[in-house]
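# Report on the structure
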Amino acid sequence: MKKAEVIVAALSVIALLFNIFLIPGGGILTAITLSLLASLYFYFGFALFNGIKLRYIFKKESYKSSNSLRLIGAAITGASLSMIIIGILFKVMLWPSADININTGLWGVLVIAIFSMVKYQKSRSEYYARILICIAVIGGVGLLIMLTTTNRWIEFKYRNHPALATALKQAISDPNNTALWGKVREERQKIDNEH
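The notes below deal with the structure included here.

### Re the side chain of Ser 116
Counting through the fold element by element, Ser 116 comes out in helix α4 (residues 98–123). Residues within four places of Ser 116 in sequence aside, it is in contact with Tyr 128, Ile 131 and Leu 132.

Written out as structure tokens, the structure is:
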């Protein structure tokens, strides 16, 4: 399962770079890979953090080294990390409710991180180390993205297209104004016609 996690995470980073540098297809790749990574943690977090391989998740003997509290803790960790990843996706794609998703996930991983640090100090278990590493990486990226305002994100992403950046900021500040969204479409069309 670690291999699948690493592959999907690496593809997500590549897709994010495509998106940031406005490479065609970057948006759809970002949506697919981050959704896949979020699903991996949400549905298989219990197995992922307990070191259970995907092909063995339906075999009873795979769970002998784990107790029910570790399985529940891993499932909650996976759900919290999934919320952060979905929030990152929403922020990068400029969809609403990004910060709510990230914030919810961050509060969850904060509680889990405190509990895991205490347990790790006592046991030095690989289970808690793995959880702490994932929380540090995904939680850190989520916190950084949440602290970046939508306007700053737009300015960075569309730094070479200031007219589109301005139109987007105005449209997002007044989402029900169809004229502003028409201006956004018009500016995007200009960029598409340049290529």
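### Some thoughts on the pattern of salt bridges
Side chains bearing opposite charge may pair, as long as their charged atoms lie close to each other. As enumerated under the stated definition, the model contains six salt bridges in all. When the shortest N-O distance is used, the salt bridge between Asp 99 and Lys 91 registers 3.0 Å. A salt bridge links Glu 155 to Lys 169; its shortest N-O distance comes to 2.8 Å. Of this pair, Glu 155 sits in helix α6 (residues 150–157) while Lys 169 sits in helix α7 (residues 162–173), placing them 14 residues apart in sequence. Its relative accessible area of 39% is what places Glu 155 among the partly exposed residues.

### Quick word on the nonpolar core
Where a protein is soluble and globular, its nonpolar side chains tend to be buried together. Within the largest apolar cluster, 44 residues are counted, with the highest numbers of intra-cluster contacts made by Tyr 41, Phe 49 and Leu 81. Among the secondary structure elements, those contributing two or more residues to this core are α1 (2–20), α2 (26–48), α3 (68–92), α4, α5 (126–147), α6, α7 and α8 (178–194). Per element, the largest residue contribution to this core is eight residues, and it comes from α5. In this structure Tyr 41 touches Glu 5, Leu 48, Phe 49, Gly 78, Ala 79, Leu 81, Ser 82, Ile 85, Cys 134 and Ile 138, once residues within four positions along its chain are discounted.

### Section: α2
Compared with an ideal rise of 1.5 Å per residue, which puts 23 residues at 33 Å, α2 spans 28 Å between its outermost C-alpha atoms and falls more than 12% short. Its maximal kink placed at Phe 42, α2 deviates by approximately 50°. Within the sequence span of α2, burial applies to Gly 26, Thr 30, Ala 31, Thr 33, Leu 34, Leu 37, Ala 38, Leu 40, Tyr 41, Gly 45, Ala 47 and Leu 48. Contacts made by the buried residues of α2 are with α1, α3 and α5.

### Details of the packing of aromatic side chains
Under the definition given, this model contains five aromatic pairs. Aromatic pair Tyr 41 and Phe 49: ring centres 6.1 Å apart, planes at 20°, arrangement stacked. The same class applies to Tyr 41 as to Phe 49, namely buried. Residues Tyr 127 and Tyr 128 carry aromatic rings whose centres are separated by 4.8 Å and whose planes lie at 80° to one another, so their mutual orientation is edge-to-face. Both residues of the pair, Tyr 127 and Tyr 128, belong to the buried class. Arg 159 extends its terminal NZ or CZ atom over the ring of Phe 156, reaching a point 4.6 Å from the ring centre.

### Points about the environment of Asn 101
Note that Asn 101 resides in helix α4. Residue Asn 101 is classed as buried on the basis of its relative accessible area of 14%. In sequence terms Asn 101 and Ile 88 are 13 residues apart; their C-alpha atoms lie 8.3 Å from each other. The contact partners of Asn 101, leaving out residues within four places of it in the chain, are Met 83, Ile 84, Ile 86, Gly 87 and Phe 90.

### Here's the deal with the packing of α6 against α7
Close contact between α6 and α7 brings their axes to 9 Å; oriented N to C, the two are set at 160°. Relative to α7, the element α6 is oriented roughly antiparallel. Handedness of the crossing formed by α6 with α7: right-handed. On α7, the residues that touch Thr 150, Asn 151, Ile 154 and Glu 155 of α6 are Ala 165, Leu 168, Lys 169 and Ile 172. Grouping the constituent residues of the contact of α6 with α7 by class yields four nonpolar, two polar and two charged.

Rules and cut-offs
- Residues numbered from 1 in each chain as written.
- Predicted model: local features only at pLDDT ≥ 70, side-chain atom pairs only at ≥ 80, totals over all residues.
- Heavy atoms only, no water.
- Helix = DSSP H or I, 4+ residues; strand = E, 2+ residues; numbered from the N terminus.
- Contact = heavy atoms within 4.5 Å.
- Salt bridge = Lys/Arg side-chain N within 4 Å of Asp/Glu carboxyl O.
- Buried < 20%, exposed > 50% of the residue type's maximum accessible area, 1.4 Å probe, protein only.
- Core = buried A, V, L, I, M, F, W, Y, C linked by side-chain atoms within 4.5 Å.
- Expected span 1.5 Å × (residues − 1).
- Bend = angle between axes of the 7 residues up to and from the residue.
- Phe/Tyr/Trp six-rings, centres within 6.5 Å; stacked < 30°, edge-to-face > 60°.
- Lys NZ or Arg CZ within 6 Å of the ring centre and 35° of its normal.
- Axes fitted to C-alpha atoms, helices over the stretch in contact; angles between N-to-C directions.
- Parallel < 35°, antiparallel > 145°, perpendicular 65-115°, else oblique.
- Left-handed = near helix turned anticlockwise from the far one by under 90°.
- Nonpolar A, V, L, I, M, F, W, Y, C, P; charged D, E, K, R; others polar.

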